[in-house]
Amino acid sequence: MKNNKILSNMEYAIKDIKEGFLSIHIWPMLGWLEIKQRYRRSIIGPFWLTISTGVMIGCMGPLYGRLFKTDISGYFAYFSISFILWMFISNIISDSCTIFINSAGYIQQMKMPFSIYVLKTVYKNIIIFFHNFIIIAVVLIFYPPLISWINLLFIVGVILIALNAFWVGIILGMLCARYRDIQQIVVNVIQLAFFMTPIIWRADMLGKYSYAANFNPLYHFLEIVRGPLLYGQVNALSWGVVGIITMGGYLFMFKAFSAYRSKIAYWI
Amino acid sequence: MHQIIAKNLVVEYPIFEWGDRSIRSSIVNSATGGKLLSSGNKTIAVRALDGLDFSIQEGDRIGLVGHNGCGKSTLLKVLAGALQPSSGELFISGKIASMLSISVGLDSEATGYENIYIRGAIMGLKPAEIDILVEDICSFADLGDYINLPIRTYSSGMWMRLAFAISTSMPADIILMDEWLSAGDSTFSTKANHRIQSLVDGAKILVIASHSPDLIRRSCNRILRLEHGRIVSEVPGGYISRPQKKAQVKNIFTKDSHSITSESSLEDYEEGAVDNWEVNRAIPMVERLEKWALLGDPSYDENALTSWSKSVDFFQTPKFKSAYKRGMNSGHQILRPRGSTIDIGLNWRVAICCWAAEYAKKLEGDFVECGTNTGIDSLAVCEYIDINKSKKTFWLFDTFEGIPAEQISEEELAAGRLAESKANYFSCFEMVKNNFKSFPGAILIRGTVPESLKTVNIEKVAYLAIDMGIAYPEKAALEYFWNKLIPGGIVVLGGYGWAPYRSIKNAIDKFAAEKNFEVMTLPTGQGLIVKN
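Residues numbered from 1 in each chain as written. Chains lettered and ligands numbered in written order. Predicted model: local features only at pLDDT ≥ 70, side-chain atom pairs only at ≥ 80, totals over all residues.

### Re the overall build of chain A
Point 1. Of regular secondary structure, chain A possesses 11 helices and 0 strands.
Point 2. Overall, chain A shows an N-to-C arrangement of helices and strands of α-α-α-α-α-α-α-α-α-α-α.
Point 3. When each of the 268 residues of chain A is scored for burial, the buried share is 40%.
Point 4. Restricting to contacts in chain A with at least 6 residues of sequence separation, those with at least 24 account for 78%. (Helix = DSSP H or I, 4+ residues; strand = E, 2+ residues; numbered from the N terminus. Buried ≥ 20, exposed ≤ 12 C-beta atoms within 10 Å, placed from the backbone. Contact = placed C-beta atoms within 7 Å.)

Below is the structure:
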């Protein structure tokens, strides 16, 4: 009677995550559903995302290029990629806050691994990112980067971001369910981070203070995609930092998830 | 082996006050050692389940009863796996089907068809498994072409039907229900009830919470009462499992002459090696019944009468149901407290009265009932035969305050008739008058029988119902009306066949011998006479 074994909290957490990942017929479906819900009865559906992002980049790119008095051909591709990556990352972070709160209806009524709700959110944001990636592709056709095999490393970069999205989702999802103020803090931090992170500006624009950007972890997450894709560069520091954050994040997440997983249903 | 075992199961809901839910209080508290906000820093917890110990084995049908907030729903949620217990142990083995919220996950913008897959996936089914079920679900929900439309276009009834069809589409070992699932209009609800019943029958364990004592008694073998998160009592329910039922029947049949008399076995019989009546008889009755698929669930199991394999469709006709309900809701206090509307399960008895009245309607003569109480039988009869249309006069005799003490014999007193009368009957004249307000043909005569019989002029009687609980007035009433009964007139004696009321049978039989007729004893405990 294998069901009768008492599991430790850690085993429950691992089981939860494992079962979540294996439920590949559930979270992709729920993720799609969320996107579809937003665009039901609209003719072009999720491509509204592409259009709105495109318009934004089309307007902001030349504007900031002008303001920073940089060469628009180099700046535009940089800005487009940075902005779309930022949307990807910031949406993941802000969505993470409501992962469990918004799934209260499910969580309180049925037994499903909690990780499913997180995977659903990550999946949804990856889909949105793919829609926006069309813009990057178009921009890169007009402003081609230096072509080399290293370009392809950007895929690993995106995968790393998605991997990190998972632990961030669990941590923020739990924190925001327990402490409702955190969500407000996160929203504000994201707004601030948009300006403080090299997205519309480049780290080298800081001159002798350009090293300061290295203290911003988000900068490194942008770099591991932006560097290879745009410049064929591998910034060892960025990859290293992201690697450490990923490992540390997962360790932290396992600890926290083991300890508080059973409380989530009571918090929401 | 499917089972659920709980040891010292505790569930506490933390109540976060506004202050506690904000991070400020946590930070402030950690900085001040929790002293500053001493009133705000305590997380108040509500103990919804307070150390439950129970063991549910295969075959159990558990009914959870108790007031709102006693912990029933919390317990179901814990069993469903939605809530993890705060402490204690819980072992569950078996596939669980939670019917607690059958419409969670339905997406109003998706079509009915898409929703089958969505809801199915949430219930833990793989798409390939849903493929197999989808046809059954569609045909059961019976939504026609609506199945291809977004469910936001559905009426609430259609929505419910879809949710119901999906949730009940696959068998499970353990079924959890918060109140008996029902859905839709009357035709669908009959179908739905059938489906859920067969699902429950097929399940190894049922745990149901309900506010309906009748439902719980019928469908559960163990009734747990919860109060303030604890099990305060456990009583057996009326439900008998299949194996138990078979054992019971086996017990009955092995006691009598139907038991094995020859060496031939059932195998010989099945192989056709032997095929004659003697051998047939040699096979234990219970096995014969089983072989012929006669042993299902009881078709009727009420009022100390259980029947197998007998059709009881007559209870299901809208006409009878409505009539029966009218009588049952007459405000009587038999086996139930004042103000209760619990159905005490007199269907078969009332059906016999209705049938007899329907028969007598075509005859010449009045209707008479001695022993009306609140009108359980007679109200049903009035409605069933549509007395206003048939222009019959229905004389209703009763003291309307129970059995008169002076009429009770020594023997009957010893058998507890007086105490019983005091428990079941009360002064109800005004209430009964009101009950029959809409039937001007029904005339209430208050007083003791037989004295009150002479106060009115009744010439011919076509239908006579007598049910007064004791011998003296019953026999007197039958004697008084015997010559007034027209040929073919019908008499229903309410207590004639009940063994504990043998004094009535003895008295009536004496009269029957004098007049040279026989009373038919019915399985319901009633006695039936047709005068020739």
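Back to the text.
### What about the overall build of chain B?
Point 1. Scanning chain B from N- to C-terminus turns up 21 helices and 18 strands.
Point 2. Of all 532 residues assigned to chain B, the portion counted as buried reaches 39%.
Point 3. Look at the contacts in chain B between residues 6 or more apart in sequence, and 73% of them connect residues 24 or more apart.

### Considering unusual backbone geometry
All names here are of chain B.
Point 1. With an omega of 10°, the peptide bond running from V449 to P450 counts as cis.
Point 2. Within the secondary structure, P450 sits in the loop between β14 (442–446) and β15 (461–466).
Point 3. The backbone of K391 sits at a positive phi, close to 60°, despite the residue not being glycine.
Point 4. Positive phi values are uncommon outside glycine, yet F400 reaches one of about 60°.
Point 5. With respect to the element layout, F400 can be found in the loop between β13 (394–398) and α17 (410–414).

### Points about the sheet that holds strand β2 (residues 44–56) of chain B
Residues and elements named next belong to chain B.
Point 1. Ordered in space as β2-β1-β4, the 3 strands form an open sheet in which the pairing is antiparallel. Since the sheet does not close on itself, it has two edges, and those belong to β2 and β4 (87–93), each with one partner. For this sheet the average axis-to-axis angle between neighbouring strands, irrespective of direction, equals 25°.
Point 2. Pairing geometry for strand β1 (residues 3–15) and β2, over 10 bridges, is antiparallel. Considered in β2, the bridge of I5 is made with S55.
Point 3. Packed on one face of the sheet, helix α3 (residues 72–80) meets β1, β2 and β4 and runs near 65° to β2. (Pairing = 2+ DSSP bridges. Axes fitted to C-alpha atoms, helices over the stretch in contact; angles between N-to-C directions.)

### Focus: the packing of helix α4 (residues 72–102) of chain A against helix α7 (residues 153–178) of chain A
To characterise two packed helices, one gives the angle between the axes of the helices and the distance between these axes.
All names here are of chain A.
Point 1. One can describe the packing of α4 onto α7 by two numbers: an axis separation of 7 Å at closest approach and a directional angle of 40°. Relative to α7, the element α4 is oriented oblique. Here α4 runs over α7; the crossing is right-handed. Contact residues: α4 offers F88, I89, I92, I93, S96, C97, T98, I99, F100 and I101, while α7 offers I161, A165, V168, G169, L172, G173, M174, C176 and A177.
Point 2. Its residues placed into classes, the contact of α4 with α7 shows 15 nonpolar, 4 polar and no charged. (Parallel < 35°, antiparallel > 145°, perpendicular 65-115°, else oblique. Left-handed = near helix turned anticlockwise from the far one by under 90°. Nonpolar A, V, L, I, M, F, W, Y, C, P; charged D, E, K, R; others polar.)

### A few points about the nonpolar core
Point 1. Membership of the largest hydrophobic core comes to 145 residues, with the highest contact counts inside it found for I89(A), L64(B), L79(B), L162(B), I175(B), L176(B) and V207(B).
Point 2. Excluding residues that lie within four positions of it along the chain, I175(B) makes contacts with A97(B), M99(B), L199(B), V200(B), A203(B) and L206(B).
Point 3. With 64 residues, the next largest nonpolar core counts C353(B), C382(B), L396(B) and V491(B) among its residues. (Core = buried A, V, L, I, M, F, W, Y, C linked by C-beta atoms within 7 Å.)

### Considering the interface of chain A and chain B
Point 1. Chain A puts 25 residues into the contact, and the matching count from chain B is 27 residues.
Point 2. Across the side of chain A that touches chain B, the residue classes break down as 13 nonpolar, 8 polar and 4 charged.

### Quick look at the environment of G232(A)
Residue and element names in this part refer to chain A.
Point 1. Note that G232 resides in the loop between α9 (217–231) and α10 (236–260).
Point 2. Separated by 84 residues in the primary sequence, G232 and S148 place their C-alpha atoms 6.3 Å from one another.
Point 3. Those residues in contact with G232 that lie beyond four places of it in its chain are P145, L146, S148, I150 and N151.

### A short note on α9(A)
Residues and elements named next belong to chain A.
Point 1. With 15 residues, α9 should reach 21 Å at 1.5 Å per residue; the first-to-last C-alpha distance of 20 Å fits that figure.
Point 2. Of all 15 residues that make up α9, 13 are buried, and the element is covered over most of its length.
Point 3. Taken from the residues just after α9, G232 is the one with a positive phi, measuring 65°. (Expected span 1.5 Å × (residues − 1).)

### Some details on the confidence of the model for chain B
Residue and element names in this part refer to chain B.
Point 1. For chain B, per-residue confidence averages 83 on the pLDDT scale, and residues scoring 70 or more make up 83% of the total.
Point 2. A low-confidence stretch, residues 32–40 (pLDDT under 50), is modelled with 10 contacts involving residues beyond four sequence positions or located in other chains.
Point 3. Both scores are given for the predicted complex: the pTM is 0.65, the ipTM 0.80. (pLDDT = per-residue confidence, 0-100.)

### Regarding the pairing of strand β10 (residues 298–302) of chain B
Residues and elements named next belong to chain B.
Point 1. Where β10 lies against strand β11 (residues 305–308), 4 bridges are found, and the strand directions are antiparallel. Bridged to E302 within β11 is L305.
Point 2. Where β10 folds back on β11, the antiparallel hairpin that results is connected by 2 residues, among which N303 adopts a positive phi of roughly 50°.

### Examining the packing of α4(A) against helix α6 (residues 114–142) of chain A
Residues and elements named next belong to chain A.
Point 1. Where α4 contacts α6, the axes come no closer than 10 Å and their chain directions differ by 170°. With respect to α6, the axis of α4 lies roughly antiparallel. Considering the relative orientation of α4 and α6, their crossing is right-handed.

### Considerations on the environment of F166(A)
Residue and element names in this part refer to chain A.
Point 1. Tracing the backbone shows F166 in helix α7.
Point 2. Residue classification places F166 among the buried residues on the basis of 23 C-beta atoms within 10 Å.
Point 3. Taking the C-alpha atoms as reference, F166 lies 8.4 Å from S115; in sequence the two are 51 residues apart.
Point 4. Residues within four places of F166 in sequence aside, it is in contact with V118 and V122.

### Overview of the sheet that holds strand β3 (residues 61–65) of chain B
Residue and element names in this part refer to chain B.
Point 1. Ordered in space as β5-β6-β7-β3-β8-β9, the 6 strands form an open sheet in which the pairing is mixed. Pairing within the sheet leaves two strands with one partner each, and these edge strands are β5 (96–98) and β9 (230–236). Along the sheet, successive strands turn relative to each other by an average axial angle of 20°, direction set aside.
Point 2. As judged from the 4 bridges shared by β3 and strand β7 (residues 205–209), these two strands associate in the parallel manner. By the bridge assignment for β7, G63 is matched with I208.

### Focus on the environment of S55(B)
Residues and elements named next belong to chain B.
Point 1. Mapped onto the elements, S55 comes out in strand β2.
Point 2. Considering only alpha carbons, one finds S55 and A6, 49 residues apart in sequence, at a separation of 6.3 Å.
Point 3. Apart from the residues within four sequence positions on either side, S55 is in contact with Q3 and I5.

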